[in-house]
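Listed below, chain by chain, are the residues.
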Amino acid sequence: MDIQNKRIPDGEFEALRSEVLTQWPTGMDVNLEEAVAYHKAMPESRIFSKKLAQAKVEHRTLVQPRAGVPVIERHIELLQHLEKQGEADLLPTTIDSYTRQNRYKEAENGISESIRLDRAMLNGFPAVNHGVAGCRRVIESVNVPVQVRHGTPDARLLAEISFAGGFTSYEGGGVSYNLPYCKNVPMERTIRDWQYVDRLTGLYEEMGVSINREPYGPLTGTLVPPCISHAAAVIEALLAAEQGVKNITVGYGQCGNLVQDIAAIHTLEELTDEYLHKFGYDGVTVTTVLHQWMGGFPADEAKAFGVISMGSLIAALSKATKVIVKTPHEAVGIPTMEANAQGLRCTKQVVNMLKDQDFRGKELEDEKEIIRQETRAILEKCFELGNGDIAVGVCRGVESGALDVPFAPCRANAGLMLPARDNEGAVRILNFGNLPFSQDLKDFHIAKIEERAKAEHRKASFQMVIDDVYAIGKGYLVGRPR
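Reading guide: rules and limits
Residues numbered from 1 in each chain as written. Predicted model: local features only at pLDDT ≥ 70, side-chain atom pairs only at ≥ 80, totals over all residues. Heavy atoms only, no water. Core = buried A, V, L, I, M, F, W, Y, C linked by side-chain atoms within 4.5 Å. Buried < 20%, exposed > 50% of the residue type's maximum accessible area, 1.4 Å probe, protein only. Helix = DSSP H or I, 4+ residues; strand = E, 2+ residues; numbered from the N terminus. Contact = heavy atoms within 4.5 Å. Expected span 1.5 Å × (residues − 1). Axes fitted to C-alpha atoms, helices over the stretch in contact; angles between N-to-C directions. Parallel < 35°, antiparallel > 145°, perpendicular 65-115°, else oblique. Left-handed = near helix turned anticlockwise from the far one by under 90°. Nonpolar A, V, L, I, M, F, W, Y, C, P; charged D, E, K, R; others polar. Pairing = 2+ DSSP bridges. Salt bridge = Lys/Arg side-chain N within 4 Å of Asp/Glu carboxyl O. Phe/Tyr/Trp six-rings, centres within 6.5 Å; stacked < 30°, edge-to-face > 60°. Polar contact = N/O pair within 3.5 Å; in protein donor to acceptor, adjacent residues only side chain to side chain. Disulfide = S-S within 2.5 Å. Patch = residues over 30% accessible without salt bridge, like charges linked within 9 Å, V, L, I, M, F, W, Y side chains within 5 Å. Areas by Shrake-Rupley, 256 points an atom, 1.4 Å probe, with all protein chains shown as cover.

Undergrad: So what's going on with the nonpolar core? Residues and values would help.
TA: In this structure, Tyr 204, Ile 228 and Leu 403 are the most contacted members of the largest nonpolar core, which totals 128 residues. Considering each element in turn, this core owes the most residues, 12 residues, to helix 10 (residues 226–242). Residues contacting Tyr 204, with those up to four places away along its chain left out, are Leu 32, Ala 35, Val 36, His 39, Phe 163, Ala 164, Val 209 and Ile 211.

Undergrad: Lay out helix 13 (residues 337–354) with the relevant residues and their values.
TA: Compared with the 26 Å implied by 1.5 Å per residue over 18 residues, the 26 Å span of helix 13 between its first and last C-alpha is a close match. Those residues of helix 13 that sit buried are Ala 339, Asn 340, Ala 341, Gly 343, Leu 344, Cys 346, Thr 347, Lys 348, Val 350, Val 351 and Leu 354. Against the buried residues of helix 13 lie strand 1 (62–64), helix 4 (72–84), helix 12 (301–318) and strand 8 (322–324).

Undergrad: Lay out the packing of helix 4 against helix 7 (residues 127–139) in plain terms, naming residues and giving numbers.
TA: Orientation of helix 4 relative to helix 7, taken along the N-to-C sense of each, is 30°, at an axis distance of 10 Å. The angle between helix 4 and helix 7 places the two elements in the roughly parallel class. Relative to helix 7, helix 4 is oriented so that their crossing is right-handed. Of the residues in helix 7, those touching helix 4 at Ile 72, Glu 73, His 75, Ile 76 and Leu 79 are His 130, Gly 134, Arg 137 and Val 138. Looking at side-chain class alone, the contact of helix 4 with helix 7 contains 4 nonpolar, 3 polar and 2 charged residues.

Undergrad: Quick one: what's the story with the pairing of strand 10 (residues 427–431), residue by residue and with numbers?
TA: In summary, the side chains of a regular strand alternate between the two faces of the sheet. Counting buried residues in strand 10 gives 4 out of 5 residues, a clear majority hidden from the surface. Where strand 9 (residues 418–421) folds back onto strand 10 in an antiparallel hairpin, the turn is made up of 5 residues, including Gly 425, whose phi is positive at roughly 90°.

Undergrad: Describe in detail the pairing of strand 9, supporting the description with residues and values.
TA: By the alternation rule, side chains of strand 9 split into Leu 418 and Ala 420 and Pro 419 and Arg 421, which are all buried. Pairing of strand 9 with strand 10, which is carried by 4 bridges, proceeds in the antiparallel orientation. In the strand pairing of strand 10, Ala 420 is matched with Arg 428.

Undergrad: Go over the pattern of salt bridges, please, and point to the residues and values.
TA: According to the stated counting rule, one finds 35 salt bridges in the structure shown. Note that Arg 372 is salt-bridged to Glu 369, the shortest N-O span being 3.0 Å. Residue Arg 372 and its partner Glu 369 are both found in helix 14 (residues 362–385); the two are separated by 3 residues, about one turn of the helix. Using a relative accessible area of 12% as the deciding quantity, one classes Arg 372 as buried. Each of Arg 452, Glu 456, Arg 458, Asp 467, Asp 468 and Arg 480 takes part in one network of salt bridges that share partners.

Undergrad: How would you sum up the packing of aromatic side chains? Please name residues and give values.
TA: Scanning the entire structure with this criterion turns up 12 aromatic pairs. Ring plane angle 40° and centroid distance 4.8 Å describe the contact between Phe 13 and Tyr 196, whose orientation is recorded as tilted. A residue pair is termed long-range when its members are at least 10 positions apart, and Phe 13 in helix 1 (residues 10–20) and Tyr 196 in helix 9 (residues 187–206) qualify at 183 residues. The class for Phe 13 is buried, based on a relative accessible area of 3%. You can call Tyr 196 buried: its relative accessible area is 1%. Ring geometry for Phe 163 and Tyr 204: centres 5.5 Å apart, planes at 90°, overall edge-to-face. With a gap of 41 residues between them, Phe 163 in helix 8 (residues 156–164) and Tyr 204 in helix 9 connect regions that are remote in the sequence. When sorted by exposure, Phe 163 lands in the same class as Tyr 204, which is buried.

Undergrad: Hey, could you go over the side chain of Glu 456 for me, with residue numbers and the actual values?
TA: Looking at where Glu 456 falls in the secondary structure, it is placed in helix 16 (residues 439–456). Assessed through its relative accessible area of 10%, Glu 456 is described here as buried. There is a polar contact of 2.8 Å between the side chain of Glu 456 and the side chain of Arg 458. Apart from the residues within four sequence positions on either side, Glu 456 is in contact with Met 464, Val 478, Arg 480 and Pro 481.

Undergrad: Any details on the state of the cysteines? Residues and values, ideally.
TA: All told, the structure shown has 0 disulfides when counted by the stated rule. For Cys 410, which is in no disulfide, the shortest distance to another cysteine sulfur is to Cys 182 and amounts to 6.7 Å.

Undergrad: I'd like to hear about the side chain of Thr 272, residue by residue, with values.
TA: Mapped onto the secondary structure, Thr 272 falls in helix 11 (residues 258–278). If sequence neighbours within four positions are ignored, Thr 272 has contacts with Val 234, Ala 237, Val 250 and Val 286.

Undergrad: Tell me what's going on with a nonpolar patch on the surface, and back it up with residues and numbers.
TA: Nonpolar side chains collect at one region of the surface, where Phe 462, Ile 466 and Tyr 470 lie side by side and expose about 310 Å² of accessible area between them. With respect to the helices and strands, the residue Ile 466 is situated in helix 17 (residues 462–471). Ile 466 sits in the partly exposed class, given a relative accessible area of 30%.

Undergrad: Before we move on, can you summarise the environment of Ile 8 with the specific residues and values?
TA: In this fold, Ile 8 is placed in the segment before helix 1. A relative accessible area of 1% means that Ile 8 is categorised as buried. Along the backbone, Ile 8 and Asn 143 are 135 residues apart, and their C-alpha atoms lie at a distance of 35 Å. With residues up to four places along the chain from it excluded, the contact list for Ile 8 reads Phe 13, Arg 192, Gln 195, Tyr 196, Arg 199 and Gln 243.

Undergrad: Break down unusual backbone geometry for me, citing the residues and quoting the values.
TA: One non-glycine residue, His 59, lies in the positive phi region at around 55°. By the element assignment, His 59 lies in the loop between helix 3 (48–58) and strand 1.

Undergrad: Go over helix 15 (residues 390–400) with me, naming the residues and quoting the values.
TA: Counting along an α-helix, one turn takes 3.6 residues, and residues three or four places apart therefore face a common direction. For helix 15, a buried count of 8 out of 11 residues is recorded, marking the element as mostly surrounded by other parts of the structure. If you check which residues of helix 15 are buried, you get Ile 390, Ala 391, Val 392, Gly 393, Val 394, Cys 395, Gly 397 and Val 398. If you follow the buried residues of helix 15, they end up packed against helix 9, helix 10 and helix 14. Sitting at the amino-terminal end of helix 15 is Asp 389, which places a side-chain oxygen 2.9 Å from the backbone nitrogen of Ala 391. Positive backbone phi, approximately 90°, marks Gly 401, located one or two places after helix 15.

Quick look at the structure:
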């Protein structure tokens, strides 16, 4: 499949739209002009891009949960509880797994079974099946903006219905919704399908409706070095901007070391702005999101609140534009709406207490410079591999291991790089694989890992990685022998 980072021509896009909208009957209810008019009549309190832009100016961190159930009435009840009892600034609609795989018939069966049994038989909200009218019922039931969150390799029809249904933010991208989620889907295909989503977003923008786009920051979630997630975020921002997207939120998954996490959020916005301006994409509003710890949680709820509070602290001190909140039930399964609201209130308390405080120092500046050098090395190699075209370059970069996501299930991913924590809990690189780092950067990581190995009286090895993966669930950050 030929791909390039070029705006999809209007005629080609319209031909693709006519195919996409026939994939399920609800696609026939999408009317672009009517949808634009619906968005323009929407109160500002429900518009994601406006709320994010205001928070950025005010250096305020907004609080957003994860949530989604299959039946409209129950989903509305859930979101209203999170808005009122959880004090959420922003709300999600998490999409079910059948919809993520474009298996709409099974999703339809899941809705029917959920109604019949009066309990959720899908792990999210099947927006395609509920259609434009169903989505608008959800949007109109709350007074804050609502985002679609999913994990879909081919999210074109879902985007069409979500946008027409009034959602004002849409998560995902051709890198971040492939490598962490898929096994056999070629990178070229997801890049192309997500160019469609971004072109649709750009079309709404040109018609006067700004829809926020958010690459999925955490990737595989556990021990992902900042440079890896940063590179993916910047690439997806460039791909989106080429298609006309003007409001982008780049994300990062909390790793746990205070200095490294704050440095990561600072450099994420800085590097995204740098590369957007470098390639002429001016006028794009860039905001940031910190995802609270995406790995294993303690089963004890009190300890889980400790993990949530740490993520809240990092979000507040880094001045992330928003934070995605976890719940005290992370270790045991899908949370109750009450537990979800508790996680939100816990986060809101910490964020509010720290909103007027900053975190500075030489150690922070040193860490930021390391992240800058690492991220630029990966991005420049991808541009080199693509002969200047980042759509081609990211596919070749993933294949070569220049961009290598740890623990990713995708066969396209090299899977050679291995992360491990250093003696202070920052995520470093144990095995470099084919990352295009200078020898100075490699020496930095080797020294940091060796410092930990000496402190623990053991050799640096894969056992460190295993220990680190399980450490937070056991009540620690660094997986030391105990």
